[in-house]
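Understanding the architecture of this molecule
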Amino acid sequence: MAKRLLYLSLANLDRNPIPELALPGLARSGWDLTIVAPNATGSIYNKYLPFPARRVDLPPGHSLRREAALQRWLLSGRFGSYDLTYIMGQAIAPRAALSLIGSGGKQRLVYHTHDFFDPNSYPVRFALEGVLARKASCHLNGEYHRAYLCKTFYRLNNRIMVAPPNLPAAWPIPARREAARTAVGVGPDETLLVLHGGHSMLRATDVLIEALGRLPQYFRLAMTSSPNKAIESVANRYGVLHRIIFLGAQEYANMLQFSVNADIGILLHVNNDLGNFFQAPGRLTEYIACGLPVLTSNFTGLQLLVKEHSLGRAVNPESPVDIANGLLRLDQERRAGQFGRDAIRATFEKHFAFENWEERVVQTIEAALRDARPPESSSRIDFSVLGVPTYASSDKSAGPLGGNQ
């Protein structure tokens, strides 16, 4: 009889494939999946890489109707005939914790998150997330340092694995088409920068626009957002509004169809301590899956990944001079034949694509089903492949399941 898994999330599954990354591997391993989330039936992952699952939409918006439906499903996971309940994302964690009060240690749970609640800003949610994390047989996290903080803050003694939010290699990327550049007014000799996202202080957009004003006129910037007063004000201040292409909000696949026709991907974040300083965000793989070199922040883990795998350049995200100089050098190197698209795409497939983690994720979840409380030694964080920070890696010869076992 197939093992039955109930997946619950408050993530809108029609926006990007990241929340469902672990599910296709489970389906291929014979699990019977029930997926409950906003827009579950409109899943973008299932649209392009379909896999068998029963899908149920939660009511839209923040409403009592949605909360009631979510609680019914949480209680179904607790009292129903499911073998395992998979809780995805910190937004649902406090609600899930409340539904598990009094459940004891028999509940088989997986808790998967890419972040955690700051105890200073959200003390009640932090406490409830800790209840859920401790009850779970397995904790999956998107990044090593956040996993370690969860382990420490929540006093976890369960399986902890790093499963980064990276695009799968199987995700369809179309061929590059010069006509797509021409359609938005970009000439063949111009350098097209692409930024996935819109105006954001966290992503150093204002500093990037100031840097654009220091670059030659042949540098253009495309953003997957619409113009607004804030960005128009900054762009006019530096005289570059005419060099910015606003693509508007894009469906995920359409965004990548445009990005493959750009020349350089922009991945700048300001330092907000634990949030960005150490992580290598999954957005990195959106660019390198398209074969683009990247300009990133010079933060510890990200900078070393970029250097280790020859993906581009890392700069100070708070310095428009450093950003402009970095883009000039990167463009010169790109035009000289460095950072070839095929080479970057091959690096993505070999080292960054989620398929590198998929087997271990399935093994970890299945181990959570077998025993809710593993031996204490198993609570060490399993880096798996690229979960380990580059600067902490000493074994270059580790196989695809290398890392702490």
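Read on for an overview of the structure. (Residues numbered from 1 in each chain as written. Predicted model: local features only at pLDDT ≥ 70, side-chain atom pairs only at ≥ 80, totals over all residues. Heavy atoms only, no water.)

1. Concerning the overall build of the protein chain
What counts here: By the criteria applied, helices consist of DSSP H or I runs no shorter than four residues and strands consist of E runs no shorter than two, each listed in order from the N terminus. Exposed residues in this analysis have more than 50% of their type's maximum accessible area, buried residues have under 20%, and partly exposed residues fall in between, with area computed by a 1.4 Å probe over protein chains only. Residue contacts follow a heavy-atom distance rule, with two residues in contact if any of their heavy atoms lie within 4.5 Å. A 1.4 Å probe and the Shrake-Rupley method give the accessible areas. Residues count as covered only by the protein chains that appear here.
When helices and strands are tallied, the protein chain shows 15 helices and 14 strands. Relative to its full complement of 405 residues, the protein chain shows a buried share of 54%. Across the protein chain, the fraction of contacts at a sequence separation of at least 24, relative to all contacts at a separation of at least 6, is 71%. Accessible surface computed for the protein chain: about 16900 Å², of which carbon and sulfur atoms make up 52%.

2. Here's the deal with the pairing of strand β11 (residues 264-267)
Cut-off, in case you're wondering: By definition, two strands form a pair when at least two bridges between them are found by DSSP.
Neither face of β11 is open: one carries Ile264 and Ile266, the other Gly265 and Leu267, and all of them are buried. Strand direction decides the pairing type here: strand β8 (residues 191-195) and β11, joined by two bridges, are parallel. Within β11, the residue paired with leucine 193 across the bridge is isoleucine 264. Where β11 lies against strand β12 (residues 294-297), three bridges are found, and the strand directions are parallel. Paired with glycine 265 across the strands is valine 294, a residue of β12.

3. A few points about the environment of arginine 54
The condition that has to hold: We call two N or O atoms a polar contact when they sit within 3.5 Å, provided that within protein one can donate a hydrogen and the other can accept it, with sequence-adjacent residues counted only if both atoms are side-chain atoms.
Tracing the backbone shows arginine 54 in strand β3 (residues 54-57). On a C-alpha basis, the gap between arginine 54 and leucine 33 in space is 6.1 Å, while along the polypeptide they are 21 residues apart. Discounting residues that sit within four places of it in the chain, arginine 54 has contacts with Asp32, Leu33, Thr34 and Ile35. A polar contact of 3.4 Å, which involves the side chain of arginine 54, links it to the side chain of aspartate 32.

4. Quick notes on the sheet that holds strand β10 (residues 244-246)
Condition: For helices, the fitted axis covers only the stretch in contact; all axes are lines through C-alpha atoms, and the angles between them, taken along N-to-C directions, range from 0 to 180 degrees.
Taken in spatial order, the six strands line up as β10-β9-β8-β11-β12-β13 in an open sheet, and their pairing is parallel. For this open sheet the edge positions go to β10 and β13 (312-315), each flanked by a neighbour on one side alone. Averaged over all adjacent pairs, the angle separating strand axes in this sheet is 25 degrees, with direction ignored. Packing of helix α8 (residues 205-214) onto the sheet brings it into contact with β8, β9 (219-223), β10 and β11, and relative to β9 it is tilted by some 155 degrees.

5. Observations regarding the pattern of salt bridges
Definition in use: We count a salt bridge whenever a side-chain nitrogen from Lys or Arg sits within 4 Å of a carboxyl oxygen from Asp or Glu.
In total, this model carries 19 salt bridges according to the counting rule given. A salt bridge links arginine 54 to aspartate 32; the nearest nitrogen and oxygen atoms lie 3.4 Å apart. In this pair, arginine 54 sits in strand β3 while aspartate 32 sits in strand β2 (residues 32-37), placing the two residues 22 residues apart along the sequence. Salt bridges sharing common partners tie together Arg176, Glu178, Arg181, Asp263, Asp331, Arg334, Arg335 and Arg341.

6. Some details on the side chain of serine 225
Along the chain, serine 225 falls in the loop between β9 and α9 (229-237). For serine 225, a relative accessible area of 12% puts it in the buried group. The residues touching serine 225, leaving out its near neighbours within four places in the chain, are Gly197, Gly198, Phe246, Leu247, Gly248 and Ala249.

7. Considering the nonpolar core
We apply this condition: Throughout this description, the term nonpolar core refers to a set of buried Ala, Val, Leu, Ile, Met, Phe, Trp, Tyr and Cys residues connected via side-chain atoms within 4.5 Å.
Of all hydrophobic cores here, the largest spans 89 residues; its most connected members are Tyr86, Ile266, Ile323, Leu327, Val361 and Ile365. Non-local contacts of tyrosine 86, meaning those with residues more than four positions away in its chain, are made with Leu5, Leu6, Tyr7, Leu8, Ala22, Leu23, Val110, His112, Leu140 and Ile365. Counting residues in hydrophobic clusters, the runner-up holds 31 residues, among them Ala69, Leu74, Ala93 and Phe126.

8. Comments concerning the packing of aromatic side chains
Spelled out, the test is: Ring geometry is summarised as follows: Phe, Tyr and Trp rings, the Trp one being its six-membered ring, pair when their centres sit within 6.5 Å, and such pairs are stacked at plane angles under 30 degrees, edge-to-face over 60 and tilted between the two. Lysine NZ or arginine CZ positioned within 6 Å of the ring centre and within 35 degrees of the ring normal marks a charge as sitting over the ring.
Inspection of every chain in the model, using the stated rule, returns ten aromatic pairs. Aromatic side chains phenylalanine 117 and tyrosine 122 sit 5.8 Å apart centroid to centroid with 65 degrees between the ring planes, which places their arrangement in the edge-to-face category. Classification of phenylalanine 117 as buried rests on a relative accessible area of 8%. Tyrosine 122 sits in the partly exposed class, given a relative accessible area of 39%. An angle of 80 degrees between the planes, with centres 6.0 Å apart, marks the rings of tryptophan 171 and tyrosine 252 as edge-to-face. Taken together, the residues tryptophan 171 in the loop between β7 (159-162) and α7 (178-183) and tyrosine 252 in helix α10 (residues 252-259) connect sequence positions 81 residues apart. Cluster of aromatic residues (ring-pair linked, three or more members): Tyr45, Tyr48, Phe51, Trp171 and Tyr252. Here the basic side chain of arginine 4 rests over the ring of tyrosine 82, its NZ or CZ set 4.4 Å away from the ring centre.

9. Describing the environment of isoleucine 244
Structurally, isoleucine 244 is set in strand β10. Between the alpha carbons of isoleucine 244 and leucine 192 there is a distance of 9.8 Å; along the sequence they are 52 residues apart. In this structure, isoleucine 244 is in contact with Ile209, Leu212, Leu221, Met223 and Ala235, ignoring residues within four places of it in sequence.

10. What to know about helix α6 (residues 144-153)
Buried within α6 are the following residues: His145, Arg146, Ala147, Leu149 and Cys150. Where α6 begins, one side-chain oxygen reaches toward the backbone nitrogen of arginine 146, 2.9 Å away; that side chain belongs to glutamate 143. Just downstream of α6 lies arginine 155, where phi reads positive at about 55 degrees.

Geometric values such as these leave the question of function open.
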